[in-house]
Amino acid sequence: MATGMDVLNLSIGGPDYLDLPFVEKVWELTANNIIMVSAIGNDGPLYGTLNNPADQSDVIGVGGIDYNNHIASFSSRGMTTWELPHGYGRVKPDVVAYSRDIMGSKTSTGCKTLSGTSVASPVVAGAVCLLVSVIPEDKRKSILNPASMKQALVEGASKLVGPNIYEQGAGKPDLWQSYEILKNYQPRASVFPNMLDFTDCPYFWPFCRQPLYAGAMPVVFNATILNGMGVIGYVKDPPVWQPSEDVGNLLTVHFTYSDTIWPWTGYLALHMQVKDEGSQFSGIISGNVTLSIYSPAAEGESSPRSSTCVLYLKVRVVQTPVRSRRILWDQFHNIKYPSGYVPRDSLNVNNDILDWHGDHLHTNFHILFNMLRDAGYYIETLGSPLTCFDASNYGTLLMVDLEDEYFSEEIQKLRDDVVHKGLGLAVFAEWYHVDTMVKMTFFDENTRSWWSPLTGGANIPALNELLAPFGIAFGDKILSGDFSINGEQSHYASGTDIVQFPAGGFLHGFELQEDPKTAQNSSTPDTQNSQSQEKSKLSSILGMLEAGEGRIAVYGDSNCLDSSHMVTNCYWLLRKIVEFAGNGLRDPVLFSEATRLKFPVFENTQKPLRRPDVNFSMFSSVIGKELICHQDSRFEVWGTKGYGIQPTGTTRKLPEYQKNEVSSSPNRLIKSSYKRQDEAGLQKSILAPSANKFDDKRDYFGFISHEEVSYLAFLCQLTIAFLSCLHIVGSVIPLSCTIYVNTKH
């Protein structure tokens, strides 16, 4: 800024877009009219791996291609993850340039070749400098700015055939076309991309892979506003959707956008939803979205600058699919880095300690999304609490690798949705072990504080509360190894075990290796030596259950669905689980009589507990927050508590953590006064045989509603529990078996 620099290239970056001192300095640079070009990152071919500052809208983010115009395997892919879990990411990179085997000079003498987006970014920076020279020097500062230069680059770029928009952005820069745009440039605002053709595949993946239909969650596209008129701007009038034909009125488009467009850029999100009267419509809907932008008058001008932006929209609509083919993906309960220290899911991956890829269907689970679409399923995303969807519309709720807590209203509604509305529930968990988390603590030099994981790969204590009404619980073992089901090979990577499951369900166990640290914690001194010598032991990891009118499937690992560090995929297992959960189809191998439980399983181990020394509320969307449906839920429940919830509502607090107001560091390990409630006081029903439906037809799971359980039903369940203890003693040989009895009944 002091030297009057025009263009700055930055071939460095990292995943922490909440490193505010750095991010704010970038904003200060671009606000002072310095055009910044930056490398998008070398974490490809994984999605959701964009680096900061290239992922900022005011920066020109550059991806990499080879000389055959193929996306370089190492080039990071979008979308941006700033907006998750409640929104949808922006398009990045902006453009791509040559990045493999680029010839340059050595620092001493001679030449050398380099590869990476770090060399693609200077190529674009050089092109930007050439474009700057097009404008007479006395007019450069009044015409050229980060927004106008990005307009010239993305509008003049050549779209590559094959890669999608989150791989290539606008495409490869065309220097001549950009020159033509700048030659007679007049300050204006625009939207990038300015055309959304969701019938154009594969460029507009994932939107072109799945059509819109009535009754679905809104499809959200997050576009970028480029304001070449000034460093600050505003939306003058709300955006307007103008369909080109009458049939376009079946599509409702709501908008969210930047209150202030600064520096030079903002966002425009389209929330698209087909009206209920369009449930039988199939065809194309197209039209334009228009919005007006204005900026304060420039130096020497008397009136504000204004510009009208036009965004073309084209979507394909089909008839509403049958319930069994519709899957809802829970995005709301995901927590990622940044802002919190959320550790990786596979502990065998030592070069990447953070879970920072977004855990979204269109980032590190994009292959899963494509697989389900190929199988004929329709997958929607829920970025709001579980009270914000109508279960009667969906065959399966898919919950994968979730880290957040749950509102009590969510727990109650999910139980009712499964038991009474026939919703299928599929849960893929992850490891959770407190001692392992503590050992992953490190001192961060930048924040000058100790960082400690908020949770494990998944939040098992929270999942256990969610599954308690069904008599299901996960443990805290960390298991790894290979196993086979009917010839299908699978790899279990740092998954957990199932320690509680009701009678009548189907439970699968396999010989897997247990992490020595967890094996010692779950053993008595007499058995530790024998277990340390044991290479593997039988552990339950897959369970399936009919629960009232619905069905439940649980699995202790999600790495086989996550493309980030996958060893072997388990898409075959997911398909069979979804067929069961959504349509009641039973695979003969998974539902063999040999795996059916005659008695409930209840291992005599303490269930995983929450960490009392971490301020989880700083990162949670649940703890201390109000239950509310966000703008990615159905329009009719925006701003409400959702379906079937009383207006009062409650905020959720963890019994394990007392808020410490002194803590200011978002990841600091906190010492807090803490007194745990008696464990029995936190117990839900541990006696929950689903095969026994007692007098109250509204309650299939025993002690969910204590007041409604008859004394005879209680005695029946107590007897079943006692018999199951005898069964367990005869097979697993635990040292003891405990029955919790509520003396009130």
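Here is what the cut-offs are and how they apply
- Residues numbered from 1 in each chain as written.
- Predicted model: local features only at pLDDT ≥ 70, side-chain atom pairs only at ≥ 80, totals over all residues.
- Heavy atoms only, no water.
- UniProt positions renumbered as here; feature names shortened; annotations may be inferred.
- Helix = DSSP H or I, 4+ residues; strand = E, 2+ residues; numbered from the N terminus.
- Contact = heavy atoms within 4.5 Å.
- Areas by Shrake-Rupley, 256 points an atom, 1.4 Å probe, with all protein chains shown as cover.
- Axes fitted to C-alpha atoms, helices over the stretch in contact; angles between N-to-C directions.
- Left-handed = near helix turned anticlockwise from the far one by under 90°.
- Nonpolar A, V, L, I, M, F, W, Y, C, P; charged D, E, K, R; others polar.
- Pairing = 2+ DSSP bridges.
- Phe/Tyr/Trp six-rings, centres within 6.5 Å; stacked < 30°, edge-to-face > 60°.
- Lys NZ or Arg CZ within 6 Å of the ring centre and 35° of its normal.
- Buried < 20%, exposed > 50% of the residue type's maximum accessible area, 1.4 Å probe, protein only.
- Salt bridge = Lys/Arg side-chain N within 4 Å of Asp/Glu carboxyl O.
- Disulfide = S-S within 2.5 Å.

Under the heading Sequence similarities (unreviewed entry), UniProt records this for the chain: "Belongs to the peptidase S8 family."

Caption draft 1: Up close: the overall build of the chain. Scanning the chain from terminus to terminus reveals 15 helices and 28 strands. A separation of at least 24 residues holds for 77% of the contacts in the chain among residues at least 6 apart in sequence. About 30,000 Å² of surface is accessible on the chain, with carbon and sulfur atoms providing 52% of the total.

Caption draft 2: Layout of the packing of helix 2 (residues 117–132) against helix 6 (residues 175–183). Contact geometry for helix 2 and helix 6: axes closest at 10 Å, N-to-C directions at 35°. Considering only the axes of helix 2 and helix 6, their crossing is right-handed. Facing Ala127, Leu130 and Leu131 of helix 2, the residues of helix 6 in contact are Leu175, Ser178, Tyr179 and Leu182. Its residues assigned to classes, the contact of helix 2 with helix 6 comprises six nonpolar, one polar and no charged.

Caption draft 3: Local environment of the sheet that holds strand 7 (residues 189–192). Reading across from one edge, 7-9-12-11 is the order of the four strands in this open sheet, with antiparallel pairing throughout. At either margin of the open sheet sits one strand with a lone partner, and together these are strand 7 and strand 11 (251–257). When strand polarity is set aside, the average angle formed by the axes of neighbouring strands in this sheet is 30°. As judged from the seven bridges shared by strand 11 and strand 12 (residues 265–274), these two strands associate in the antiparallel manner.

Caption draft 4: Quick look at the pairing of strand 13 (residues 283–295). Two elements, strand 10 (residues 234–243) and strand 13, share seven bridges in a ladder whose sense is antiparallel. Across the sheet, residue Pro243 finds its bridge partner in strand 13, namely Gly287. Pairing of strand 13 with strand 14 (residues 305–317), which is carried by 13 bridges, proceeds in the antiparallel orientation. When the bridges of strand 14 are listed, Asn288 appears paired with Tyr312.

Caption draft 5: Just the packing of aromatic side chains, in detail. Under the criterion given, the structure shown has 27 aromatic pairs. Plain terms: the ring middles of Phe198 and Phe221 are 6.1 Å apart, the flat faces sit at 50° to each other, and that makes the pair tilted. Taken together, the positions of Phe198 in the loop between strand 8 (195–197) and strand 9 (219–227) and Phe221 in strand 9 put the pair 23 residues apart, joining distant regions of the chain. Joined through ring pairs, the aromatic side chains of Tyr88, Phe198, Tyr203, Phe204, Phe207 and Phe221 make up one cluster. The positively charged end of Arg373 is found above the aromatic ring belonging to Tyr378, 4.7 Å away from the centroid. Directly above the aromatic system of Phe389 lies the positively charged group of Lys413, at a separation of 4.0 Å from the ring centroid.

Caption draft 6: Local environment of the environment of Ile411. By the element assignment, Ile411 lies in helix 8 (residues 408–421). Judged by relative accessible area, Ile411 falls into the buried class, the value being 15%. Between the C-alpha atom of Ile411 and that of Glu465, which follows or precedes it by 54 residues, the distance is 7.7 Å. Ignoring any residue separated from it by four or fewer positions in sequence, one finds Ile411 in contact with Tyr406, Glu465, Leu466 and Pro469.

Caption draft 7: Region of interest: the pattern of salt bridges. Following the criterion strictly, the structure yields 25 salt bridges and no others. The residue Asp94 makes a salt bridge to Lys92 at a minimum N-O spacing of 2.7 Å. A relative accessible area of 2% means that Asp94 is categorised as buried. Glu155 is the partner of Arg188 in a salt bridge, and the nearest nitrogen-oxygen pair spans 2.8 Å. With Arg188 in the loop between helix 6 and strand 7 and Glu155 in helix 4 (residues 146–156), the pair connects residues that are 33 residues apart, well separated along the chain. Using a relative accessible area of 24% as the deciding quantity, one classes Arg188 as partly exposed. Residue classification places Glu155 among the partly exposed residues on the basis of a relative accessible area of 34%.

Caption draft 8: Region of the structure containing the sheet that holds strand 1 (residues 7–10). If you walk across this open sheet you meet the four strands as 1-2-3-4, and the pairing is parallel. Each edge of the open sheet is held by one strand with a lone partner, namely strand 1 and strand 4 (95–98). Across the sheet, the mean angle from the axis of one strand to that of its neighbour is 30°, orientation sign disregarded. Of the strand pairs in this sheet, strand 1 and strand 2 (residues 35–39) are connected by four bridges, and their pairing is parallel. For Leu10, the partnering residue across the bridge sits in strand 2 and is Ser38.

Caption draft 9: Fine view of the side chain of His333. Mapped onto the secondary structure, His333 falls in the loop between strand 15 (326–330) and helix 7 (366–374). Relative accessible area serves as the criterion here: at 0%, His333 is assigned to the buried category.

Caption draft 10: Main features of the state of the cysteines. Inspection of the entire model under this criterion finds three disulfides. At a sulfur-sulfur separation of 2.0 Å, the disulfide partner of Cys201 is Cys208. Of note, the bridge from Cys201 to Cys208 carries an S-S torsion of about 95° and is right-handed in sense. Taking relative accessible area as the criterion, Cys201 reaches 41% and is therefore assigned partly exposed. A relative accessible area of 9% places Cys208 in the buried class.

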